[in-house]
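The residues making up each chain are set out below.
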Amino acid sequence: MQPHAVFFIFSLCILSGISVARAEPSATPSLYGMMGLNTVPGARMEESGNVRASLSAMGPYAHAGLHVQIATPLSLTLRQTARLSSQTASTDRLYPGLDIKLRLMKESTYGPEIALGALSAIGHKRMAGEYLALSKQFGNWDLTAGMAWGRLGSAGHIKNPLGFLMSRFDKKRPLDGDNPSGPHDWFTGQDVGFLGGLSYATPIDGLTLKADWNADKYKTEQAAFGYHTPAPWSAGFSYSPRQWIHIGAALIGGQKIMGTLNLQSPLQNWTGRPTKKHPPKPLYPYRTTAALPGETQAAAAVEGLQLEEIKQKNTESWSRLIVRPDYAPLPQQIGHAARHIANNADPTAETLVVMPEIYGLKGPNIALNRRDLEQALIQHQGSPQEIWRSAHLNVSPENIPESTPRKAPFAGEKKLRLILDNQTSLSEDDNGLIHRSALIAEGQKQILTHIVTGGALRLNLHNNLDQLAGYRRPRASPTREDINDFAHQRIALDRLYASILHSFGPDIHAAATAGYLEEMYSGIGGEVLYRPFGKTFALGAELYQTVKRDPGTPLNLRHADDHPLTGHIQGWYEIPGTNLTVHARAGRYLAGDTGGTMGLTRQFDNGARVEGFITATNDSDPDIFGGDTHLYSGMTLRLPIGNIKYIPESSEVRLSAAPLGRHTGQTLDPPLPLYELTEPIAYRHIAAHWNKVTE
């Protein structure tokens, strides 16, 4: 048996059977950016919500990546690898990829941490490789062992063990080529390699020493330009002088030097959401002798709340609450509204019913026990949990009259926000870093109960999209290939629309929208959403007849001759106990291609939001090397900046990393997507923030 196999089996036995007292393991970045040793990946994960930018180099490649720990067990990376003929020469060729890492098992007293990962799970074949890694900590030591396929396992120590399970895994696997890597390549190949190593957390705070043995033989580089592969061992260090920075270096095989730089920031520590507090009206220590609805509305308006249709019947007092997402979480708004209702309700009213509504969409009717509220707020002998136990959510509206058409809530108030929109592509094999940036001023106004209007102006600040012109196939009816023409309009109309929104009860919502829907398309259409209260799933459908806008006209106001019809059926699943939502859609995209999209979204309590997605359709986009891809993937990060002085409260920075100027897999960006719109009145939001009902 080869010594590499002996090392792997010996390490696996140790990892699986030893228990020692240990400190919390500290993960450090590796050459390709994922957590690991010097040149090999490990099983360790970062803190959930961490966002990290990485830059590393070891001849003949330099690697840049954007890494997001989207959930505790899942990491996504958009990486761009560049071949450099020398340290001072320009880039010879680029090899983009989407890397994925999934933790299968968390480390326990006797068991190791186990993770499954893929380098260029979607991307260029030259960097593609999959791995199974195990890590186990012994005091300050952290031992890693693993098995790798593709590039990472090209040393080929043993036959692919998965070939015994299914013949497709045993096929010959090309380690290079212009067609992209995809699921059909994962864990295939006739041979696999073993990798492993260890790290030591020194007494010096932030300093970790690392050594490893990799299974990358650089076979493609040997064949292409006579590359001299260094010995597979390495020894180096990783140093973190501050929480937000990692630097590292290593000697590879006694012949090459590797260097890494990583900058990071946990999203949950972002402080960009407005911190302005709205002190509530105190709950009176006594009950009034008569209901005073007019005073209730006036007192609530002072706080910025709008209460309508305040009624009382028998022992119930209810009011419709117009929800303001930027004011506070819904339970806090409910608590403030309940104070006003109780302060002016008849003394016989024992149940306070709050009926939340957002842009004319109905939320659940929430009935609170008045005495529990008094116990918590006046006598300080209750808690939000006790109020929750006696509350009734989604109560039947039998005694509650339907709302009547009325003037728009907060008449004269216009919701205005600024969006700093930055679009970047690390996924081009024909260019380096492609980007564009713009400042968007967007406003919304609810003019009637169920009618919302909105508009936005886009100021294009900077871009280098001219580089795309020579690489995109000219089309008579471009989808988004003409992004360069749109980006060169200094000022453009981004949106101008009107929407009608209506709820058929608290579970079924509908919207119809017409106008300039987004930067590149006008049209008319709508969607329907079924989001049952208290359930973890939602279903929906959308259909839009669109018209392509002409970027050669002032403000992009005129239209081209292209009229694509697009529509999808959609589904959402909220993973219990988390802020994670899985999103799937299937249907017809803007180019007329059909296929599906899978996405994962993480929402943070501070307003930050990160989303990763992958789309596959029956049509393909070419590149200049003759390859074709049916896949389209990317990530989006949204960061609120409403706490900056003179900046509107709902403003945000939007960072998108996805291929630019593509034809296939492109969806419309509607102004008021129903799932996002109903999130503030959904069960998950109410349950997660219920502790704020007494604040």
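Residues numbered from 1 in each chain as written. Predicted model: local features only at pLDDT ≥ 70, side-chain atom pairs only at ≥ 80, totals over all residues. Heavy atoms only, no water.

Moving on, we get to the overall build of the protein. When helices and strands are tallied, the protein shows nine helices and 32 strands. Looking at the 695 residues of the protein, the share that counts as buried comes to 54%. Within the protein, contacts between residues separated by at least 24 positions form 60% of all contacts whose residues are at least 6 apart in sequence. Here the protein has roughly 29400 Å² of accessible surface; of this, 59% comes from carbon and sulfur atoms. (Helix = DSSP H or I, 4+ residues; strand = E, 2+ residues; numbered from the N terminus. Buried < 20%, exposed > 50% of the residue type's maximum accessible area, 1.4 Å probe, protein only. Contact = heavy atoms within 4.5 Å. Areas by Shrake-Rupley, 256 points an atom, 1.4 Å probe, with all protein chains shown as cover.)

This next bit is on the pattern of salt bridges. All told, the structure shown has 37 salt bridges when counted by the stated rule. In the salt-bridge network here, residues are joined through shared partners; they are R44, R103, E107, E113, K136 and D142. (Salt bridge = Lys/Arg side-chain N within 4 Å of Asp/Glu carboxyl O.)

Tallying each qualifying case throughout the model produces 12 aromatic pairs. Measuring from centroid to centroid gives 4.7 Å for W572 and Y675, while their planes differ by 5°, and the two rings are stacked. Here W572, found in strand β27 (residues 565-574), pairs with Y675, found in helix α8 (residues 674-678); they are 103 residues apart in sequence, far enough to count as distant. Take Y675: its relative accessible area is 9%, and that puts it in the buried class. Both rings, one in F613 and one in Y632, keep their centres 5.5 Å apart while their planes meet at 45°; by these two values the pair is tilted. You can see F613 sitting in strand β30 (residues 609-622) and its partner Y632 sitting in strand β31 (residues 628-640), a full 19 residues away along the chain. A single burial state applies to F613 and to Y632, both of which are buried. (Phe/Tyr/Trp six-rings, centres within 6.5 Å; stacked < 30°, edge-to-face > 60°.)

A few words now on the nonpolar core. Within the largest apolar cluster, 43 residues are counted, with the highest numbers of intra-cluster contacts made by L321, L368 and L501. Secondary structure elements with two or more residues in this core: β14 (306-313), α4 (330-343), β16 (351-358), β18 (366-369), α5 (370-377), β23 (491-503) and α8. It is α4 that contributes the most residues to this core, six residues altogether. Dropping the residues within four chain positions of it, L368 is found in contact with I334, A338, E350, T351, L352, I387, A391 and W690. Within the second largest apolar cluster, 22 residues are counted, among which are V40, M127, Y131 and L195. (Core = buried A, V, L, I, M, F, W, Y, C linked by side-chain atoms within 4.5 Å.)

Regarding α5, the residues found buried are R370, L373, E374, A376 and L377. Buried residues of α5, viewed axially, fall in a sector of 165°; they line one side. Summarising the contacts, the buried residues of α5 are in contact with α4, β16, β18 and α6 (384-390). (Arc of directions from axis to C-beta.)

Below, the discussion takes up the pairing of β14. Judged from the six bridges that link them, β14 and strand β15 (residues 316-322) form a sheet pairing that is antiparallel. Note on β15: the bridge partner recorded for L307 is L321. (Pairing = 2+ DSSP bridges.)

A few words on the confidence of the model for the protein. Averaged over the protein, the pLDDT score is 85; the fraction of residues at 70 or greater is 88%. Confidence drops under pLDDT 50 across residues 1-23; counting only partners more than four residues distant or on other chains, this segment forms 47 contacts. (pLDDT = per-residue confidence, 0-100.)

Working note: regular strand, side chains alternate between the two faces of the sheet. Inspection of the sheet shows β27 paired to strand β28 (residues 580-588) by eight bridges, in the antiparallel sense. Its bridge partner lying in β28, Y573 is registered against V582. Here β27 hands over to β28 after five residues, with G577 in that stretch at a positive phi of 75°. Of the strand pairs in this sheet, β28 and strand β29 (residues 594-603) are connected by nine bridges, and their pairing is antiparallel. Residue pairing for β29: V582 is matched across the bridge by L600. If you look at the hairpin formed by β28 and β29, you'll find five residues sitting between the two strands, and G592 has a positive phi there, around 85°.

In this structure, Q570 sits in strand β27. Polar contacts involving the side chain of Q570 include one to the side chain of H583, which spans 2.9 Å. Setting aside residues up to four positions removed in sequence, Q570 forms contacts with E527, A538, L539, G540, E542, H583, A584 and R585. (Polar contact = N/O pair within 3.5 Å; in protein donor to acceptor, adjacent residues only side chain to side chain.)

It is worth spelling out a nonpolar patch on the surface at this point. Together, L420, L439, L457, L459, L461, I491, L555 and L557 make up a nonpolar patch on the protein surface, roughly 590 Å² of accessible area in all. With respect to the secondary-structure elements, L439 resides in strand β21 (residues 434-448). (Patch = residues over 30% accessible without salt bridge, like charges linked within 9 Å, V, L, I, M, F, W, Y side chains within 5 Å.)

Attention now moves to the environment of A560. Inspection of the secondary structure assignment puts A560 in the loop between β26 (537-548) and β27. In this structure, the C-alpha to C-alpha distance between A560 and K548, residues 12 residues apart in sequence, is 5.4 Å. Ignoring sequence-local partners within four residues, the contact set of A560 consists of V547, K548, R549 and D550.

Tracing the sequence through the fold places A145 in strand β7 (residues 141-148). A sequence separation of 52 residues divides A145 from G197, and the C-alpha atoms of the two residues are 6.5 Å apart.

Turning to its location among the elements, P29 is positioned in the loop between α1 (3-17) and β1 (50-58). Sequence separation between P29 and I247 is 218 residues; the distance between their C-alpha atoms is 8.9 Å. Setting aside chain neighbours within four positions, we find P29 in contact with M34, M35, G36, L37, R52, K210, S238, H246 and N262.

Quick look at unusual backbone geometry now. Of note, the bond from G59 into P60 is cis; its omega dihedral lies within 30 degrees of zero at 10°. For P60, the position within the fold is in the loop between β1 and β2 (61-71). Phi is positive for F187, which is not a glycine, with a value near 60°. Relative to the assigned elements, F187 resides in the loop between β8 (158-159) and β9 (191-201).

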